[in-house]
Structures are given as structure tokens and as C-alpha cells.
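Summary of the model geometry
One letter stands for each residue in the lines below.
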Amino acid sequence: MDFGVLGAVTVRGGPAPAGKQTIMLALLLCHANRPVAADALADAAWPIAPPSPSTFRWHLHRLRGLVGDRLVRRGDGHLLTVENGELDAARFEDLAKRAEAEPPEQALPLLESALALWRGEPYSGLPDPPDIRAEAARLEEARLLAVEARARVLITLGRPAECASALAADVSAHPLRESLVELRLLALAASGRRGEALRMFGQTRQRLRDELGVEPSGGLRRLHEDLLHHDPAPQLLPPDVHAFTGRTAELSVLDGLPEDSSGVAVISGVGGVGKSGLAVHWAHRSRDRFPDGRLYANLGEHTPAEILSRFLSALGAAAVPVEHEAQVALYRQMLAQRRMLLILDNASGSAQVRPLLSGAPGCVTVVTGRSRFESLVADMGALPIRLDGLPHADAVLLLARIARIEVSRAEPLAELCAQLPLALRVAGARLLTRPGWDVEALTARLAGDHRLNELRAGELDVRATLEAGYQDLPHAERVLFERLGLLRVPTFTAWMAAALLDVPVDVGGDLLERLAERQLLQPDGIDGAGQERYRCHDLIRLLARERAGTGPEQDTIVRRFLSCLLWLSRDAYLREYRGRFRLIESDSPLWEPSGVVAAADPMSLMAAERATLLAAVRQAAGLGQANLCWGLALAGVRLYEIHGHLLDWLQSSQVALESCLEHGDERGAAAMIMSLGSVAAFQKHHAQAVALLTEALPLLDDDAFRALTLGNLAQAEMALGQTNSGVAHLAEAAELAREAGDEVIEAAALARLAFHRDDPRPLLDRAADLAAGHRRVSLMVLLCDLRVTLRAGHHEHAELLSGQLMAGVRLYGDRVLEREALCLRADSLTALGRTDEAATCLSRAHELALAQHVLPEAGRIAALLEP
């Protein structure tokens, strides 16, 4: 239940019933959680003549019907229970008090939230019994104190223009409140509106004389003297940014800029990310640091020569030289002894801003633009600040402040704006300027196919801003940018660009870097395979997708990318297993990239492209390319089983199976049924694994793949207690693999089969010979050897073997084998009485089982860990 008194009295968000009951409720809320005498309630509601007892009880009964058992009798009075957070006045006071203990950046949202609770005069629309009148006056004074506190915070944060605007209505309503007037005078003066501030002081002084017969206080008079005698410095800044939000770290970096020749910062980022806003906001809040003035120029609208002439005039040059070199010399001479701030906005590159750099020891220069300004960083030690989209919480708060909505309602809309400040501001403006729209309606529009069309409000146009970096691209970069929009992968690498354009890998990498220089892509670091990765802002990706279009030509380009990924995946596992293990393959054509793609370790490439693989499987399915789809799903299995990405394995196989069934690819469907059965076995869903693998066996036409299927089936059968069937299937798997010439599958089958022989050593030795030279298969054989040793009760030798196995699997990075090895090592340590060490092994195995989504195994291990 909630109660409102900061305006008309409300209950549960709706108006309270008119008349006597509202007056009684208002008085009870004035004294919430304290008894109010019945006579006091009657006097407030019936000020002329007291009511009859029955009339009073009837109104009290109706009021209790509204608030329920919150209203109880206490002695000769009545008490209304209000829980924490239910009364808006209490919430307001709590927020205002919390703000007092916070620094300005944190205090501002608290004060704004507090003031947003006010809907009008407190307890408005009621007669004013003394108690209610006194409480309303107390609350109004508290509101004015919060207004003043917010004004001081805004001035401290360098937002005087916003402060002056916010104070206008309250100063008009309270023209004799000198503390309020003084704050508005400060804000006007700090905004460069000195004349307006002087006029306001004169009006206030006259009103004080006429109405109270007094002169302004000392604070106001001193401020007036400062205004009269201030030596004006050039202040060419545009207005501060409305509702500036976040960027705390970047503001701190700018605060630390030295006032010397290296005091240059370059702010870069994609269009609409808030580069200009950050620079202008910081300039406003840093006024006191630059007593000799602050200059601003938009290099996107004016040439350096035009700006130089304007700056010279602002600095007081009696005459501007004709020659450009003479202008630059005079400009730097005039700045030499001054402490000034220069904001050079929307610069296209380093060369454009060089004539406007002062080099003076007391000046600081902030340059913004889409360029990375590498020349300024290298030659002048400029500090680079790269902006990305706002963090989620800041993005939601900015949208809520612009649209004047609750923060919780802004979340889905902020997501669709992809945390881009310009998009957030446009969305907020559209909500405010279209009375018939609500958050849900705009969210639905942005969720449609034409999101960029909706992100336009007047001259603010997200598409136009983003296109500014696209329009002047050279042909090759333009084509690559558009084709990147065809892909559904999260990040991009050189081989992807090569496949999209049918060019060598190094050419693709160079073109990606050029797009990054234009801020159409953002570097995302070096991956585990040594590849530089790039990401693309969601809204820029939408633009690229629009420009790319759809049709047969675009589908062919995407197929080339998918075929390249399939070639890389197959090449990786062929190199990993040295050609001694071959998966069944689809007949999809492959595209082999020209040039070096990744480092020597094949699995590092697969790990780096994990997200790419899953996205590619889904995109292939969407294109109706079933053979590519199941080929990619199967090619990723080696990565999934080694690193324990079992959910990726499951999802990719399910998507591929659906695609194969939809398009009548029986061979691919059989392979995917087998794949789903295998992942079920890895997840310890043994009955499901037996059913799927049994279904797949008669459908498979490749002996080596049938052998692999039989081996996985045997494991599941044995886990279900079907030992005889499992042993028979392992023997059949070993024989099939031998006939097919697949040493890896044969070694794995023989090693597992050894556990079920009276003399396991011959089979283990044979398996070890077959596995020689292959790290993972050798580790699998060692795991089987460890099981045989434990069964024989040779626990000390088992502990030694388990230590060797643990070192091997960790070096190789096989998380699935590590989990199994940890469990076996725990068995050997327990048998040796080293229970604490065993528990440590089991705890780590439990973590791995949960991470790999092997829930039955996680449950089994958890039971072992119970005391």
C-alpha cells in the first residue's frame, strides 16, 4: 500500500475519497504511526459543529474500508500504520538526507528522485486545520532546501545553465527567499548571462525595499559586487548538455589533464556516442580552472582559418593579420600568458587541428572526432579517450531523465537504443513530444524491422549521424562494411573479411583496420589464437545490414564465409589428430583462405571461434543450407568435448538436426542424431544416449563414424548396468575402427575394453602404441589405465598415475578429462586416508560438472562431499 501527500492526498496511487474521510486520512498521515485523538479528528473534519457519534463512526468505518487493518484504535484515539517506503513524504526526506552524505555525482540523482515525488502543494485541495497546515509548511520548506541543494550540486558539476532554468519557477514563487535568489544569480553568471543576473539583482533589491523595508543580505551584495567588477574573459561555449549522465571515469581523466604543452586530450568514438557532450560538459564544470576564458569551435561546420579569425577576435586582437602563418603566430602569442580551455569539436583528423593548438603552458585543449588522432598522440603526447556506449545502468538513467519516466520502465527501450547516447536522447524526445505514445508503444516500434527509421526527432537523426562515417568510404571499405552486416557473428577477424571479399587474409585484415580508423568498427583485443578481433555497435550493424540488402548475391557471399569457417574447422581437427581421425563430412564445397589465419595450435583457433561456430550454424540453418549447417555443427564437436562446452554442442546439433529434417538431408540427420546421443552420454543422460545412438547406428554409412557411435553407446550401456552389451559393442567398435584405419577410435575402444579383461595390460599397451604422438588420446588411455589400477587396489600406484594424468590434462586444457581424472584421483587419495586432499579434488570436479552442465554427475559428486 502507498500513500501520497506531496500533492493531493492519494491511496494506492489513486485519489482519496473526497470530503470528511480525506481530511481524517490527511491528519492521520500527518501523525503516521502515532495515535490521533478522536476529538482532533472530529475537529479537523467538522470545524463548525461536531458530528454525532454515529456519523463519526460511519466515516471512520468508510475510511477503514479504504486502508484496511492499517487503521486501529489506540486508547481514546486512532492510529494509522505506515510501513517504510509507503509514504511519499517519508521517501522524499530519506532521499534528501542520503544526498547530504554523497559527493555531487551521486547526490544529484538522489535529489532529482526526491523532487520528482512532488505532484503539487502538499495536502493540496484540503481545508487547512492547524496540524495539516503546519506539516504542509514543513514539507514545503524541506522541498525548497532540496531545490537549493540540487542547485548547488548542479553548479559544482559545471551545469549552471541547467541550474538557472530549474530555479526559475521557484524563484518566481518565492522572490524574497534570498538563498534561492543567490543561487540563481550564481547560475546565471556562470552561464555567461551576466546582464540578466544584474537585472535580477536589481528587481530583488527593489522588492525587498518595497515589501520588507530592508536591503539585500551580505551574500547577495557581495555577489552583486563581483558581477559589477568582473573582468570578462571570452566564453564561447555552447550550452551545457541537458541531463548529462555517467562518464565518471572519463571526467576524472580530463580533470587530471596537466596545464602545460602536453595538456591535450583527444576524445574519439562512433557518431552519437557523446564525444561533444563529454567535452562541453567538462568545459562547463571546469570554469574555475580557466579564469582567462574558454573557447569552442565546431570544425565540422567551419574551416580552421575561419575559427582562427574568430578566436583572435574573441581574445581581443585589434587587427587580424591576412597571412595564415601570421594569424597562427599572433594567436599563440596571445595565449602564451593565459590559462584557457580550447574545445575543438568534430575534427576530421590531426592535421585539421594543428594550427589551433596553443602550445602554451597554461592552456588545455580537448579535441573530439571520429579519428583516433594517432599523430597527435605520437607527436604531442595527447591523451586518447575512446568512448563506447554507456554502461547499462547509465543508459537507462539517461533515458529516464530525458523522457521523464521511471527508471524501471526505461530498461527495454534503452536496450533497443543499444546504449548509444544520441539514440537514447532521440527516444526520450519522441516520448515527450508525442502525447499519444507510451514507453511500450515506442519499444514495439523500435523492436520492428526499421529501428533506424524510428530513431529520428527533428534534426536529431541517428541514421544520418552514423552514415556520416560511411558515405565517404573508399569502394573496398564500403563493400566490406556492407557485407559485414550480412553476418550474425558477434565479432569479426581478418579471415572473415577475406571470405566476404574473396581476397587474401592480410588484405581483409587491413580493410578491417581502416574501418576501425573510421570508428565503424571497434578493436576488441587479440584472441587466444593471436587474431585481432573487431566488434560493431548494434546500430551500426543495422546500418550495414540495410546497405547490404538481400538476395541471391548476398546469400552466395554468406555461403562463402560459412564454407571458409568449415574449411578452417576441418583443417584444425585434422592437424590436431594428425590425420589419424576423420569425422564424417558433408559434401558442402569449401573455401580455403589465402594466407595465414592463426597460430600453430589448431584448438586455439577453434576456441577463439567458439561463438562464431554457434552463430554460423544458426545462420546456415536460416539460409536453408542444411549440409553446411550439420558440417559446421559436427566440426565443432572436438572443441566442445575438450573444453566441456556441452550446451553449445547440444544447441548446435539440435539446430542442425531440424535443418536436415526440414530439407531432407538424411545423411546429415543421421550424423546429428548420433551427435545428440553423444552429448547426452557426456552429460550422463545414459538412457537418452542409448536411445539416440541406437537410432543413429543403422543410418550411418561410414565405418569409422559407426565405430565412434558404438564406443559412445557402450559407455552409456555400461553406466546403465548393461555390461555384456557394452563390452560387445566396444569390441565391435575396435574392429570397425581397425578396418577403417582410424587409430584414434581404435585406441579409445581398446583402452575402455581393457577394464573388462582379466589381463588388461595387452589391450592397454596396444592402445598406447596406437595413441603415441597424440596428446588427448594418450591421456584417454592413461585415464583407462588409472581405472584398471584402482580396480586392482594398487592405490599408491593409482595416486602416482593420477598425478601424471592431472598434469597432462591441465597442460592440454581438456576440462572434461580433468573432471574425470579428479574423481579418480579422489578415489585413490581416499583409499590412502588423505581425505582432505580427496575433498579438494571433488570440490573442483563439482565446479567443472556444474560449468559443463553435467548435472547428474554434479549431484553424485555433491553427495560424496556431504559429511
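Scroll up to find the structure.
Residues numbered from 1 in each chain as written. Predicted model: local features only at pLDDT ≥ 70, side-chain atom pairs only at ≥ 80, totals over all residues. Heavy atoms only, no water.

**Focus: the overall build of the protein**
Put simply, the rule is: Strands are runs of DSSP state E lasting at least 2 residues, helices are runs of H or I lasting at least 4, and numbering of each runs from the N terminus. Only C-alpha atoms enter the radius of gyration; for comparison, a globular chain is expected to reach 2.2 Å times N to the power 0.38, where N is the number of residues. Using a 1.4 Å probe on the protein chains alone, a residue whose accessible area is under 20% of its type maximum counts as buried, one over 50% counts as exposed, and one in between counts as partly exposed. Note on contacts: a residue pair qualifies if any of its non-hydrogen atoms lie within 4.5 Å across the two residues. Reported accessibility uses the Shrake-Rupley method at a 1.4 Å probe radius. Residues are deemed covered only where the shown protein chains occlude them. Positive charges come from Lys and Arg alone, negative charges from Asp and Glu alone, with His and the N- and C-terminal ends not counted. Here the site of a charge means atom NZ of a Lys, CZ of an Arg, CG of an Asp or CD of a Glu.
Scanning the protein from terminus to terminus reveals 43 helices and 15 strands. In terms of C-alpha radius of gyration, the protein reaches 37 Å, well past the compact-globule figure of 29 Å for 867 residues. Dimensions of the protein, computed from C-alpha atoms along their principal axes, come out at roughly 115 × 95 × 55 Å. Residues counted as buried form 54% of the 867 residues belonging to the protein. For the protein, long-range pairs separated by at least 24 residues make up 66% of all intrachain contacts whose partners lie at least 6 apart in sequence. If you sum the accessible surface of the protein, you get close to 37100 Å²; carbon and sulfur atoms cover 52% of it. Of the charged side chains in the protein, 92 are positive and 113 negative; the average position of the first set lies 5 Å away from that of the second.

**Points about the pattern of salt bridges**
Going by this rule: Salt bridge, as used here: a side-chain nitrogen of Lys or Arg that lies within 4 Å of a carboxyl oxygen of Asp or Glu.
All told, the structure shown has 48 salt bridges when counted by the stated rule. E105 is paired through a salt bridge with R285; the nearest N and O atoms lie 3.1 Å apart. Of this pair, E105 sits in helix α5 (residues 104-116) while R285 is found in helix α12 (residues 275-285), placing the two residues 180 residues apart along the sequence. Between D170 and R143 there is a salt bridge; the shortest N-O distance is 2.7 Å. Separated by 27 residues along the polypeptide, D170 in helix α7 (residues 160-173) and R143 in helix α6 (residues 130-156) bring together distant segments of the chain. Several salt bridges share partner residues, and in doing so they unite R810, R815, E818, R844 and E847 into one network.

**Digging into the sheet that holds strand β10 (residues 364-369)**
Basically, it comes down to this: Strands were regarded as paired on the criterion that DSSP finds at least two bridges between them. The convention used is that axes are lines fitted to C-alpha atoms, helices contributing only their stretch in contact, and that angles between N-to-C directions extend from 0 to 180 degrees.
Strand order in the open sheet formed by five strands is β8-β9-β10-β7-β11, with parallel pairing between adjacent strands. The sheet terminates laterally at β8 (294-298) and β11 (383-386), the two strands that pair on one side only. Taken pair by pair, the neighbouring strands of this sheet meet at an average axis angle of 15°, ignoring direction. Across five bridges, β8 lies against strand β9 (residues 341-345) in parallel orientation. From the neighbouring strand, L295 faces β9, where its bridge partner is L342.

**Overview of the sheet that holds strand β1 (residues 3-4)**
Spatially, three strands are ordered β1-β2-β3 in an open sheet, and the strand pairing comes out antiparallel. Each of the sheet's edge strands pairs with one partner strand only, and the pair in question is β1 and β3 (14-15). Relative to β3, strand β2 (residues 10-11) runs antiparallel, the two being bridged by two bridges. Opposite T10, over in β3, you have P15 as the bridge partner.

**Points about the nonpolar core**
Threshold: Only buried residues count toward a nonpolar core. Its members are Ala, Val, Leu, Ile, Met, Phe, Trp, Tyr and Cys residues joined through side-chain atoms within 4.5 Å.
Core analysis: the largest hydrophobic core is formed by 201 residues, its most contacted members being V366, V462 and F561. Per-element accounting of this core gives the leading share, 11 residues, to helix α33 (residues 666-682). Membership of the second largest hydrophobic core comes to 70 residues, among which are L28, L87, A136 and L183.

**Quick look at the packing of aromatic side chains**
Our working definition: Between rings of Phe, Tyr and Trp, where Trp is taken as its six-membered ring, a pair exists when centres lie within 6.5 Å; planes separated by under 30 degrees are stacked, by over 60 edge-to-face, and by other angles tilted.
Taken as a whole, this structure holds seven aromatic pairs when the rule is applied. Plain terms: the ring middles of W282 and F290 are 6.1 Å apart, the flat faces sit at 75° to each other, and that makes the pair edge-to-face. Assessed through its relative accessible area of 0%, W282 is described here as buried. Look at F290 and you get buried, because its relative accessible area is 1%. Relative to F481, the ring of Y470 lies with its centre 5.4 Å away and its plane at 45°, an arrangement referred to as tilted. Taken together, the positions of Y470 in the loop between α22 (462-467) and α23 (475-484) and F481 in helix α23 put the pair 11 residues apart, joining distant regions of the chain. Both residues of the pair, Y470 and F481, belong to the buried class.

**Description of unusual backbone geometry**
In this structure, A243 takes a positive phi of about 55° despite not being glycine. With respect to the helices, strands and loops of the structure, A243 is situated in the loop between α10 (218-229) and α11 (248-255). The backbone phi angle of A418 is positive, close to 55°, even though this residue is not glycine. The residue A418 is located in the loop between α18 (407-416) and α19 (421-433) in this model. A relative accessible area of 6% means that A418 is categorised as buried.

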